[in-house]
Amino acid sequence: MSEELPLPQAPVESDSDTDTDSDTDTDVNPVSGQDMFETLAEVNEPENALPPLAMADLPESIREAVTRMGWQELMPVQAMSLPYSLAGRDLMIQSRTGSGKTGAFLLPLLESVDGKSNAAQALILVPTRELALQVAHETKVLLGDTGIKSAALYGGVGYGAQLEALRDGAQVIIGTP
């Protein structure tokens, strides 16, 4: 049975083009009035919370991937979520753009996906083709020469290359619903 964990809740910014009020400070949460970029939002953790991880605490495969990305240290969302992911615990993360969420869900795959098996083992669903391509790029960099293959699946283009990637045994699939 999965344990339900409350996780960090960051304010959500509007991407609406109709918000033209120039007096509005977009870095301030309209509900709480707090600066959204000051620090991590309030973190709600269970009584049996796991401590955040530092670079030195990471398995070698993840440290190598972090080095490939050029990161000097983990982003706070990664440091706080990786202990749960690596322990096989379910979690949900809500955090602002650029906070490191993609790394937070990709890095644990290095420990759980078998590069020798030519079967899909991880499915990452994203809402748009553009985000699928962005996540696919990050995935290829993070996976490096681990032997784990990925494929981006999305509409609006010919499916030949996508089907070929599946036939070639991509273990990580990034796609749109």
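In case you missed it, the structure is sitting above this.
A few points on the structure. What you are looking at is a predicted structure, and each value in this text was computed from that prediction instead of being measured.

### Quick word on the overall build of the protein chain
Reasoning step 1: What the protein chain contains, in helices and strands, is 6 helices and 3 strands.
Reasoning step 2: Listing every helix and strand of the protein chain by position from the N terminus yields α-α-α-α-β-α-β-α-β.
Reasoning step 3: For the protein chain, with 177 residues in total, the buried portion stands at 32%.
Reasoning step 4: Summed over its atoms, the accessible surface of the protein chain is roughly 11,000 Å², and 52% of this surface lies on carbon and sulfur atoms.

### Points about helix α2 (residues 76-86)
Reasoning step 1: The buried fraction of α2 amounts to 8 of the 11 residues, a majority that puts the element mostly inside the structure.
Reasoning step 2: All buried positions along α2 are accounted for by V77, Q78, A79, M80, S81, L82, P83 and Y84.
Reasoning step 3: Contacts from the buried residues of α2 go to α3 (101-106).
Reasoning step 4: A positive backbone phi angle near 75 degrees is found at G88, which sits one or two residues after α2.

### Comments concerning the sheet that holds strand β3 (residues 172-175)
Reasoning step 1: The strand order across the open sheet built from 3 strands is β1-β3-β2, with neighbouring strands paired in parallel fashion. Bordering the open sheet on either side are β1 (122-125) and β2 (150-153), each of which pairs with just one other strand. The average undirected angle you get between the axes of adjacent strands in this sheet is 20 degrees.
Reasoning step 2: As judged from the 4 bridges shared by β2 and β3, these two strands associate in the parallel manner.

### Some points on the nonpolar core
Soluble globular proteins: nonpolar side chains tend toward being buried together.
Reasoning step 1: Of all hydrophobic cores here, the largest spans 27 residues; its most connected members are L107, I124 and V172.
Reasoning step 2: Setting aside its immediate chain neighbours within four residues, I124 contacts F105, L106, L109, V135, V172, I173, I174 and G175.

### Focus on empty space enclosed by the protein
Reasoning step 1: Under the counting rule described, the total for this entry stands at 2 cavities of 30 Å³ or more.
Reasoning step 2: Volume-wise, the second largest cavity comes out at about 30 Å³.
Reasoning step 3: Along its surface, the second largest cavity is lined by L106, L109, L110, T139, L142 and L143.
Reasoning step 4: Where the lining of the second largest cavity is concerned, the elements lending two or more residues are α4 (109-112) and α5 (129-143).
Reasoning step 5: In terms of residue count, α5 provides more of the lining of the second largest cavity than any other element does, 3 residues in total.

The rules behind the values
Along each chain, residue indices are assigned from 1 in the same order as the chain's sequence is written. Local features in this predicted model are restricted to residues of pLDDT 70 or higher, and side-chain atom pairs are both shown and tallied only at a pLDDT of 80 or more, whereas totals for entire chains, interfaces and linings draw on every residue. Values reported for side chains reflect all heavy atoms of the structure, with hydrogen atoms and water molecules removed beforehand. The numbering of helices and of strands both runs from the N terminus, where a helix is a DSSP run of H or I of at least 4 residues and a strand a run of E of at least 2. Buried residues are those whose accessible area, probed at 1.4 Å on protein chains only, stays under 20% of the maximum for their type, while exposed residues exceed 50% and partly exposed ones sit between those limits. Residue exposure ignores everything except the shown protein chains as possible cover, and the areas themselves are Shrake-Rupley values with a 1.4 Å probe. Whether two residues are in contact is decided by their heavy atoms, any of which lying within 4.5 Å being enough. DSSP bridges decide pairing: two strands pair if at least two such bridges lie between them. Lines fitted to C-alpha atoms define the axes, with helix axes restricted to the stretch in contact, and inter-axis angles between N-to-C directions lie between 0 and 180 degrees. By nonpolar core we mean a set of buried residues, namely Ala, Val, Leu, Ile, Met, Phe, Trp, Tyr and Cys, connected to one another through side-chain atoms within 4.5 Å. Cavity and pocket criteria rest on a 1 Å grid covering protein atoms alone: a 1.4 Å probe that fits but cannot get out defines a cavity, protein on both sides within 12 Å along at least 5 of 7 lines defines an open pocket, and an atom within 4 Å of a point defines a lining residue. Grid points are joined across faces, edges and corners, and a volume is the space filled by probe spheres set on the points.

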